[in-house]
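So the chains spell out like this:
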Amino acid sequence: MNGYEQVEILYAEDNPADAELTLHTLKERKIANSIVWVQDGAEALDYIHRRGKFASRSEGLPRVILLDLKMPKVDGIDVLKAIKSSPDTQSIPVVIMTSSQEESDLVKSYKLGVNSYIVKPVDFDKFAKIVEDVGMYWLVSNKAPA
């Protein structure tokens, strides 16, 4: 592992209730050990690029990014655009998890290279199941380059 702890998930979500449920589900089901939660797009980009309060974090990139679209400071579309336009980060799988059912958001996300687009269900149990499925797929089933 090149001498650093691999962060499995970078989770960018401004809604504390959604974040709590997602983090709880991933940890309870033992899907992810190392999750970093940021509350806006600017923090997500700072984490990825090791700047601001994340300037001294260990090297390495997350195995997957769970990204909300509607966030303060920098929205998810702009975060996705920055990730997928950089050779250093473009191979990181990005899963949009949003309440937006807007066709324009869906189309724009795929044009920018999102790996998956999930509309968060309102129902607690369905939302937890989707989080579990996403974690299992991207961290257990999916084969990613080293």
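Here's a quick rundown of the structure. (Residues numbered from 1 in each chain as written. Predicted model: local features only at pLDDT ≥ 70, side-chain atom pairs only at ≥ 80, totals over all residues. Heavy atoms only, no water.)

Broken down by element type, the protein carries five helices and five strands. Sequence-ordered secondary structure for the protein, helices as α and strands as β, is β-α-β-α-β-α-β-α-β-α. Over its C-alpha trace the protein gives a radius of gyration of 14 Å, about what one expects of a compact globule, namely 15 Å for 146 residues. By principal-axis analysis of the C-alpha atoms, the protein measures approximately 40 × 35 × 30 Å. Put simply, the protein has 146 residues, and 48% of those count as buried. Across the protein, every contact between residues at least 6 apart in sequence was considered, and the portion connecting residues at least 24 apart equals 63%. Carbon and sulfur atoms make up 49% of the accessible area of the protein, which totals about 7900 Å². Between the averaged position of the 18 positive side-chain charges in the protein and that of its 22 negative side-chain charges there is a distance of 4 Å. (Helix = DSSP H or I, 4+ residues; strand = E, 2+ residues; numbered from the N terminus. Rg over C-alpha atoms; globule rule 2.2 N^0.38 Å. Buried < 20%, exposed > 50% of the residue type's maximum accessible area, 1.4 Å probe, protein only. Contact = heavy atoms within 4.5 Å. Areas by Shrake-Rupley, 256 points an atom, 1.4 Å probe, with all protein chains shown as cover. Lys, Arg positive; Asp, Glu negative; His and termini not counted. Charge placed at Lys NZ, Arg CZ, Asp CG, Glu CD.)

Locating Asp68 in the fold gives a position in the loop between β3 (64–67) and α3 (76–85). Here Asp68 is in contact with Ala12, Glu13, Asp14, Gly76, Met97, Thr98 and Lys120, once residues within four sequence places are set aside.

Within the largest apolar cluster, 23 residues are counted, with the highest numbers of intra-cluster contacts made by Leu10, Val38, Ile65, Leu67, Val79 and Val94. For this core, the secondary-structure elements that each account for two or more residues are β1 (9–12), β2 (35–38), α2 (41–49), β3, α3 and β4 (94–98). When residues no more than four places from it in sequence are discounted, the contact partners of Leu10 are Val36, Val38, Ala44, Tyr47, Ile48, Pro62, Val64, Ile65 and Leu66. Core analysis: the second largest hydrophobic core is formed by 20 residues, Ala19, Leu23, Val64 and Leu139 among them. (Core = buried A, V, L, I, M, F, W, Y, C linked by side-chain atoms within 4.5 Å.)

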